[in-house]
Amino acid sequence: QVQLVESGGGLVQAGGSLRLSCAASRSIFSTYAIFSTYAMGWYRQAPGKQRELVAAISISGITNYVDSVKDRFTISRDSAKNTVYLQMNSLKPEDTAIYYCNAGKYSYGRYTAYDYWGQGTQVTVSS
């Protein structure tokens, strides 16, 4: 029902910035906006590590972040473009990972992923 395509990854030096984009679309027509139906999240997965939720935004616009990226990353959305963004500032080598967009739900302060994923975009931060 939901298709997600990430873009914006690349190679950047430590301390630099990147903005990731996630274009969302539906395979079944609906009169309701995607972001009024789903919460959205950004995950990342580094080699040898589990996939980690780093940022989420609820259908009402409330945002939350994992502690390691607070004050550095910002999740936002543009409903007119059906696009979710992850602005990443002050990047560190430990931020190196494949970043994935996800559609899910956010209830009682907890984000739960549905099985809607993008293909991922690689972010590499050099020392």
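So, a few notes on the structure that sits alongside this text. (Residues numbered from 1 in each chain as written. Predicted model: local features only at pLDDT ≥ 70, side-chain atom pairs only at ≥ 80, totals over all residues. Heavy atoms only, no water.)

Notes on the overall build of the protein
Next up, step 1: Along its length, the protein carries zero helices and eleven strands.
Next up, step 2: When the helices and strands of the protein are read in sequence order from the N terminus, they spell out β-β-β-β-β-β-β-β-β-β-β.
Next up, step 3: On C-alpha atoms alone, the protein measures out to a radius of gyration of 14 Å, which is about the 14 Å that the 2.2 N^0.38 rule sets for 127 residues.
Next up, step 4: By its C-alpha atoms, the protein is 45 × 30 × 25 Å across when sized along the principal axes.
Next up, step 5: Here the protein, with 127 residues, has 41% of them falling under the buried criterion.
Next up, step 6: Counting only contacts in the protein whose residues sit at least 6 apart along the sequence, the fraction spanning at least 24 positions is 55%. (Helix = DSSP H or I, 4+ residues; strand = E, 2+ residues; numbered from the N terminus. Rg over C-alpha atoms; globule rule 2.2 N^0.38 Å. Buried < 20%, exposed > 50% of the residue type's maximum accessible area, 1.4 Å probe, protein only. Contact = heavy atoms within 4.5 Å.)

Description of the pairing of strand β9 (residues 97-107)
Next up, step 1: Most of β9 sits inside the fold, with eight of its eleven residues counted as buried.
Next up, step 2: Both strand β4 (residues 39-45) and β9 contribute to a ladder of seven bridges, which runs antiparallel. Across the sheet, the residue bridging to Ala-39 is Gly-104, located in β9.
Next up, step 3: As judged from the five bridges shared by β9 and strand β10 (residues 110-117), these two strands associate in the antiparallel manner. Among the inter-strand pairings, Gly-104 is bridged to a residue of β10, identified as Ala-113.
Next up, step 4: Here β9 folds back onto β10, and the loop between the two strands holds two residues, one of which, Tyr-108, carries a positive phi near 50°. (Pairing = 2+ DSSP bridges.)

Details of the packing of aromatic side chains
Next up, step 1: All told, the structure shown has six aromatic pairs when counted by the stated rule.
Next up, step 2: Ring plane angle 80° and centroid distance 5.9 Å describe the contact between Tyr-38 and Tyr-116, whose orientation is recorded as edge-to-face. On the criterion of sequence distance, the pair formed by Tyr-38 in the loop between β3 (18-26) and β4 and Tyr-116 in strand β10 is long-range, its members being 78 residues apart.
Next up, step 3: On the basis of relative accessible area, Tyr-38 is assigned to the buried category, the value being 6%.
Next up, step 4: When the ring of Tyr-100 is compared with that of Trp-117, the centres are 6.5 Å apart and the planes differ by 90°; the resulting orientation is edge-to-face. Taken together, the residues Tyr-100 in strand β9 and Trp-117 in strand β10 connect sequence positions 17 residues apart. (Phe/Tyr/Trp six-rings, centres within 6.5 Å; stacked < 30°, edge-to-face > 60°.)

Structural notes on the sheet that holds strand β7 (residues 73-78)
Next up, step 1: Strands sit in the order β1-β3-β8-β7 across an open sheet of four strands; the sheet is antiparallel. The open sheet has two edge strands, β1 (2-7) and β7, and neither has a second partner. Taken pair by pair, the neighbouring strands of this sheet meet at an average axis angle of 20°, ignoring direction.
Next up, step 2: Relative to strand β8 (residues 83-88), β7 is paired through six bridges, and the arrangement is antiparallel. Bridge pairing in β8 links Ile-75 to Leu-86. (Axes fitted to C-alpha atoms, helices over the stretch in contact; angles between N-to-C directions.)

Overview of the pattern of salt bridges
Next up, step 1: Evaluated as defined, the whole model comprises four salt bridges.
Next up, step 2: Of the charged contacts, one joins Glu-52 and Arg-44 as a salt bridge, the two residues approaching to 3.1 Å between their closest N and O atoms.
Next up, step 3: By relative accessible area, Arg-44 is classed as buried at 8%.
Next up, step 4: Residues Arg-44 and Asp-95 are paired through a salt bridge, measuring 2.9 Å at the closest nitrogen-oxygen approach. Residue Arg-44 is found in strand β4, and its partner Asp-95 is found in the loop between β8 and β9; the two are separated by 51 residues along the sequence. Grouping residues by exposure puts Arg-44 and Asp-95 together as buried.
Next up, step 5: Several salt bridges share partner residues, and in doing so they unite Arg-44, Glu-52, Arg-72 and Asp-95 into one network. (Salt bridge = Lys/Arg side-chain N within 4 Å of Asp/Glu carboxyl O.)

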